[in-house]
Structure formats: C-alpha cells, structure tokens
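# Inside the fold
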Amino acid sequence: MQKFARLCCMAPLFLLLGLLPFALAGHDYGQALSKSILFFEAQRSGYLPSTQRVNWRGHSGLNDGKANGVDLVGGYYDAGDNVKFGLPMAFTVTMMSWSIVEYGRQMAASGELSHAMDAVKWGTDYLIKAHPQPFVLYGEVGDGNTDHYCWQRPEDMTTSRQAYKIDPSNPGSDLAGETAAAMAAASIVFRRSNPSYSNELLAHAHQLFEFADKYRGKYDSSITVAQKYYRSVSGYADELLWAAAWLYKATNNQYYLSYLGNNGGSLGGTSWAMTEFGWDVKYAGVQTLVAKFLMGGKAGNYASVFGEYQQKAEFFMCSCLGKGGRNVQKTPGGLIFRQRWNNLQFVTSASFLLSVYSDYLTSAGKTLNCQSGRVAPSELLSFAKSQVDYILGDNPRATSYMVGYGSNYPQQVHHRASSIVSVKVNPSFVTCRGGYATWYSRKASDPNLLTGAVVGGPDAYDNFADERDNYEQTEPATYNNAPLLGLLARLHGGHSGYNQLLPVVLPMPKAQPKPAPETKTAPAQVPSSAPISIEQKMTTSWTDKGKTYYRYSTTVTNKSPKTLEGINLSISKLYGPLWGLTKSGDSYGFPAWINSLPAGKSLQFVYIHSASQADVSVSSYNLD
C-alpha cells in the first residue's frame, strides 16, 4: 500500500564494476515462477477454495459489501494490509493476463498455466461483482486510515469494511478504464477454455469503457479515502487509451482502433514520453501495445499515428537501457531505481515491457532505434534478465527479494497475515492494538512463510534493512508480482521460436491434482564431519573489452546442531569486489545485517573477478 515515505539513513555501498550483460543462467526461473504465483493465494480475500495451497490462511472479509446491499466478497488484498483497492487490483489482473497472453505456452510447459489462470479468475470474479450496473463500479472496500490503526490477521478484522463506488455523479475514468482493460485482457485468457466466461468479461469491459469515456473524472476525487494510498497522479487519459488498446486486442473492433488513432494526441499517447510504467501511469504500456499492432500490420489507416506511439515506446526502452536522451536512474548494482518506497514495482513492470518488446522486434525482424544508435532486440531481453536476476539474488547483498527463493531472503515482511501466527495454529482472537504490541514489534522471523512475495526492495545504494516496520522496503504487493509471471515464464521457456505477432492461441490448461501441504525444503546435507561447509559455484560470466569476468556465489552452511557465532573466513586469490561479508583486517566475518547463523542455516556471499574461484576457508568460529 502506498504511504508517505519515511527517511532511511544507510551507508552507501560501492560497486566497482558497472552493469554488464549476463551470459549464463544462474537461477531456477521455473521454481521462481511457481512461487510467484503462489503468493496470490496468500492475498486472497473471501471464502477460500478446497484447492487453496497456502494453508495458513483462512476465510476473511465474508461480509464485504453487505452494508451497501451488494456482494463484494472475494478479490485480493493489495499488499500487507487488509484493504481491497480497486485500481491496483485491476492493474494486477491486467498484468497477470498480459503475462499469460504473451507467455502462456511457456507457463503450460512448466505446469503453471492453470494456477496462473486461477489467479486471474480470482480477481475477475470479484471485479464482476464490483460492477453490478453498467455505470456503477465499487472501487474500494475498507479504508487505509482505520486499517493502519490495526495490526490484525484478515481472519480477525474489526476495521471498517465500508464500500466506496463511482457512478455518473461521482465518476472515475481511471478506475473504470483500468477495470475495463483487466476484463478485456482476461477475456483473451479464457477465450478457449471458458468461452462463456470470456464473453461475460467482454460485456463488462465494453460497459466499463463507455462509463469511463462518457463520464470523465478522476476516481480519487470521488473515492477520496484512496487519495493517501493510491492517488491517481497521472489522471485518467492514459487509462482510456489503455482500455481501448486492450479492447481492440480482444475484439478487433474497429471502433477501438479508431479511438486510439483519433485520440492519441489529445489523450497523450503520442505526446508523453515516459520512463516509468505501473499501476498509476500506463502510457508506456499503451505505447508498447500499439507498437505491436503496427508491427503486426493491424494499424489500418492510422499507421502514421501508431508510428508516433511506437517512437514513445522506444523512448521508454532506450531510457531503461541507458541509451536514450533521458535515462532512468540505476543503483550501483545496476537495478532500475525510481523511488525509495516499493521500488521493485517499477522494476518488474519495466522489465516485462522490455521483454515483450524484445520479442515483438525479433518477430518483426527489426531493431531498436536509440539515440546512441541501433540496438539488437536481444539486448532488451538481456537487460530485463539482469533485473530479474538482481531480484533473485544477483546483487551486492546477495539477497533474494522474493520470499522463499534462495537461502537469503527477507524474514520480517511487513505483512499482517504472515507476521501473525496462523488462525489454524492459534485461533485466539488478535485485537487491533494487541497485534502491534505482540506481533508487529516482534524482532523475529514471520511465523508464516509468504512464499513468492516480492518485497519493496533495496534503496538507491543497494542497501536493505530486513525489519517489519521498514514498510518502504519489506512490504510486498500484488502488482510487484503480476508482471513477473510473464518474465519468469519467458526466461524459463528459453528461445522456442514462437512469433509474438501471430494471433494468440493459448493451450488448454491441464487439470491439477490437489497438492500436498506446502513444506519448506531443508538444505541439502553435505557428507562431512566438519560443522561448517563451504560450497562455491560460478553463476555467470561475461566479456568486457576483451576480458572475461566471472561471478561466483559461495554458500556457508552451519551443519552443527548449535548456533554459529563469531565466524572468521580467510579468502585468498581474490582479485575483485566482494559483497555479503564484512572485512576486518585480513579476514571476513558476518555481514552487518546478521550476527549469528542458526543450526542448519546458510548465508551467501558473492564476488566478481577475472580468474578462477578464490580460496575460501574457515579461520575460526564459535558454536553456542
């Protein structure tokens, strides 16, 4: 949930090597995809189905909408809170659907297509309920002010569940437009497997677009309680174009093609050159979609106008690569950086656009035209991959910002449900303020693993504080994960020779057996009598100016039954920068963010140089 940011004072890290393209895959993208989809089950509101895999969650919000005479049970909580915000929820559904539309075949190959479609349908089922009349749309259930006063599990909520709507007297073109886009995009997802549901979604999308276009206004002027959390800074013009683009893609209806062609200038599609894409600002997404229509020969009489859209799309791509006239800021470790609160939302969204645009260009046999010169499509995909790899652990802290992926990930997530003992384990009621006193302030790992959640991420200097009250960095959000579904499926699927400009025909999803309860895999045991094991591996390499560099990842595991403290490592034959340890004299100890290693746990550090792996050994340690 968006909040007013607090100041963080952290010492900067210095990265000696600039961002270079990675040549080898060092991550299990299939596993990361599975986990990232699972996160959405932890965010579910309403009656949970028998197929629910996140077993520590229970039913919640069962009276939502009742006071307003409408059924609003279901949907998603947006982040670490218990409010259902319509604008980011609809954007989440749009981006999950776009992920499936582009990379559904890869999801099917990894066995995750049905789970991804379930995640979309959980959102669209709710959006259908929230649209009970053509010109009425409920855009929020609960409010952030009362919600933030309490720290409770969703199952225990005592906060306000008032519902807020837009209508002709209180319009919200941005909210209605985004919801229309979500319905249209999802209709493509279900076109083959559930055609009647697909048609139902399209009917809602048509009505919502008409509502958005006919009764114009910003939704947060009508639903004022959203202003502090999801203010529509960009206005509604981008959502009108966004909805029209998705309706054209879903229907081939020339009305929406003409709408894009005739309103590109007045609504900003051909005039706004952007360096961000997210739940508020949709222009780069619109421009990318319209560029695809143009390259696919579907621009009709509007080829010249669509060419202007494409120029703005390429401005965005070049700015991300650092090859444009106004480039995005990056951290020393090479991560796109826009703001200190939940920066990773912009990283995943931008990287998705880079990935799909790379595939559009490849399919059309074209290259990217940047201010610095022509750029091969593969460079776009390579950069998107570098951003995903950073999130999964290839960064100066050697930290995975996806909970449950890797061995070093956030333990104190700013999330009410995961930070409080499951109602299945202890059904005792958690009070509004008692949750703060007992659970929020608890300096320990979350009792429930929020598998797959992508948190806010590091600051401008690659620093990260794993603390529950550090909501800017440790709070996850559904719209962080949604674009990542497509990215991970794309990277896991590799180069399969598909043409992104051909009509979308998704495979039929395979029925999934009821899964066993989720378990956390224990670290593999290395046969050895030593209490500490050290495992090194080279995870990637690249060549720069004729010289080959290697990135090595080293895992130190406490194999003893006691807590490891005061470790000192000796590292020789090291000729480059190292991250993840603290240097003291000629030896290395625990990083600043931990002071011990429990039994069976591991820590990771990374280093880069142009030689074989360094020699790492244990000089001294204490077992308590």
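Residues numbered from 1 in each chain as written. Predicted model: local features only at pLDDT ≥ 70, side-chain atom pairs only at ≥ 80, totals over all residues. Heavy atoms only, no water.

## Considering the overall build of the protein
The helix and strand inventory of the protein stands at 18 helices and 14 strands. Computed over its C-alpha atoms, the radius of gyration of the protein comes to 24 Å, within 12% of the 25 Å expected for a compact globule of 624 residues. Expressed as a percentage of the 624 residues in the protein, the buried residues total 60%. Long-range contacts, defined here as pairs at least 24 residues apart, represent 76% of the contacts in the protein between residues at least 6 apart. Summed over all atoms, the accessible surface of the protein reaches about 23,300 Å², with 51% contributed by carbon and sulfur. On the protein, the mean spot of the 54 positive side-chain charges and the mean spot of the 47 negative ones are 3 Å from each other. (Helix = DSSP H or I, 4+ residues; strand = E, 2+ residues; numbered from the N terminus. Rg over C-alpha atoms; globule rule 2.2 N^0.38 Å. Buried < 20%, exposed > 50% of the residue type's maximum accessible area, 1.4 Å probe, protein only. Contact = heavy atoms within 4.5 Å. Areas by Shrake-Rupley, 256 points an atom, 1.4 Å probe, with all protein chains shown as cover. Lys, Arg positive; Asp, Glu negative; His and termini not counted. Charge placed at Lys NZ, Arg CZ, Asp CG, Glu CD.)

## Side note on the state of the cysteines
Counted according to the given criterion, the structure contains 2 disulfides. Bridging Cys150 to Cys432, the disulfide has an S-S length of 1.8 Å. Classification of the bridge connecting Cys150 and Cys432 rests on its S-S torsion, roughly -90°, and on that basis the disulfide is left-handed. Taken as a pair, Cys150 in the loop between α4 (144-149) and β3 (163-166) and Cys432 in the loop between α15 (416-419) and α16 (434-440) lie far apart in primary sequence, 282 residues in all. Cys432 shares its class with Cys150; the two are buried. Paired by a disulfide, Cys318 and Cys370 hold their sulfur atoms 2.0 Å apart. Its torsion about the S-S bond being -95°, the disulfide of Cys318 and Cys370 is classed as left-handed. Separated by 52 residues along the polypeptide, Cys318 in helix α12 (residues 303-321) and Cys370 in strand β4 (residues 368-370) bring together distant segments of the chain. (Disulfide = S-S within 2.5 Å.)

## Observations concerning the confidence of the model for the protein
Per-residue confidence for the protein averages 89 on the pLDDT scale, and 92% of its residues sit at or above 70. Here residues 2-25 is a poorly scored stretch, pLDDT under 50, and it has 71 contacts once near neighbours within four places are set aside; other chains count. Note on residues 514-528: pLDDT under 50 across the span, and 15 contacts to partners over four residues away in sequence or across chains. (pLDDT = per-residue confidence, 0-100.)

## Points about the pairing of strand β8 (residues 564-572)
Across 2 bridges, β8 lies against strand β12 (residues 596-597) in antiparallel orientation. By the bridge assignment, Glu565 is partnered in β12 with Ser596. As judged from the 7 bridges shared by β8 and strand β14 (residues 615-623), these two strands associate in the antiparallel manner. From the neighbouring strand, Glu565 faces β14, where its bridge partner is Asn622. (Pairing = 2+ DSSP bridges.)

## Notes on the nonpolar core
Residues Trp98, Trp242, Phe306 and Leu368 are the most contacted members of the largest nonpolar core, which totals 157 residues. In terms of residues, this core owes the most to one element, helix α2 (residues 86-109), which gives 12 residues. Leave out the neighbours within four places in its chain, and Trp98 touches Trp242, Trp246, Phe277, Gly285, Thr288, Leu289, Phe352, Leu353, Val356 and Tyr360. Within the second largest apolar cluster, 17 residues are counted, among which are Leu581, Tyr607, Ala614 and Val616. (Core = buried A, V, L, I, M, F, W, Y, C linked by side-chain atoms within 4.5 Å.)

## Quick look at helix α1 (residues 29-42)
With 14 residues, α1 should reach 20 Å at 1.5 Å per residue; the first-to-last C-alpha distance of 21 Å fits that figure. Of all 14 residues in α1, 12 are buried, a share of seventy percent or more. Against the buried residues of α1 lie α2, α3 (113-129), α14 (377-392) and α18 (478-493). The opening residue of α1, the one whose side-chain oxygen lies 3.3 Å from the backbone nitrogen of Gly30, is Asp28. (Expected span 1.5 Å × (residues − 1). Polar contact = N/O pair within 3.5 Å; in protein donor to acceptor, adjacent residues only side chain to side chain.)

## Brief notes about helix α13 (residues 344-364)
With 21 residues, α13 should reach 30 Å at 1.5 Å per residue; the first-to-last C-alpha distance of 30 Å fits that figure. Among the 21 residues in α13, 18 count as buried, and that is most of the element. In the stretch just after α13, Gly365 is the one whose phi turns positive, near 70°.

## A look at the environment of Ser363
Checked against the element boundaries, Ser363 lands in helix α13. Ser363 gets classed as partly exposed once you look at its relative accessible area, which sits at 22%. Taking the C-alpha atoms as reference, Ser363 lies 14 Å from Tyr103; in sequence the two are 260 residues apart.

## A word on the packing of aromatic side chains
The tally for this structure, following the rule as stated, stands at 33 aromatic pairs. Summarising the aromatic geometry, the rings of Phe209 and Tyr256 are spaced 5.4 Å apart at their centres and angled 80° between planes, so their arrangement reads as edge-to-face. On the criterion of sequence distance, the pair formed by Phe209 in helix α6 (residues 195-214) and Tyr256 in helix α10 (residues 254-263) is long-range, its members being 47 residues apart. Residue Phe209 shares its accessibility class with Tyr256, and that shared class is buried. Taken together, a centroid distance of 6.1 Å and an interplanar angle of 90° make the contact between Trp242 and Trp246 edge-to-face. With a gap of 4 residues between them, Trp242 and Trp246 both fall in helix α9 (residues 237-251), about one helical turn apart. (Phe/Tyr/Trp six-rings, centres within 6.5 Å; stacked < 30°, edge-to-face > 60°.)

## Description of the side chain of Thr159
Mapped onto the fold, Thr159 is located in the loop between α4 and β3. Not counting the four nearest positions on each side in its chain, Thr159 is found in contact with Thr146, Asp147, Cys150 and Gln152.

## Remarks on the sheet that holds β3
Overall, antiparallel pairing links the 3 strands, which are arranged β1-β2-β3 in an open sheet. In this open sheet, the two strands that pair with only one neighbour each are β1 (84-85) and β3. Pairing geometry for β1 and strand β2 (residues 137-141), over 2 bridges, is antiparallel. Its bridge partner being in β2, Phe85 is matched across the sheet by Glu140. Strands β2 and β3 of the sheet are contacted by helix α5 (residues 173-189), whose axis makes an angle of about 100° with β2. (Axes fitted to C-alpha atoms, helices over the stretch in contact; angles between N-to-C directions.)

## Things to note about unusual backbone geometry
A positive phi angle, near 45°, is found at Asn342, a position not held by glycine. Mapped onto the elements of the fold, Asn342 is located in the loop between α12 and α13. Using a relative accessible area of 2% as the deciding quantity, one classes Asn342 as buried. At Lys573, a position not held by glycine, the phi torsion is positive, near 60°. Following the sequence through the fold, Lys573 ends up in the loop between β8 and β9 (578-579).

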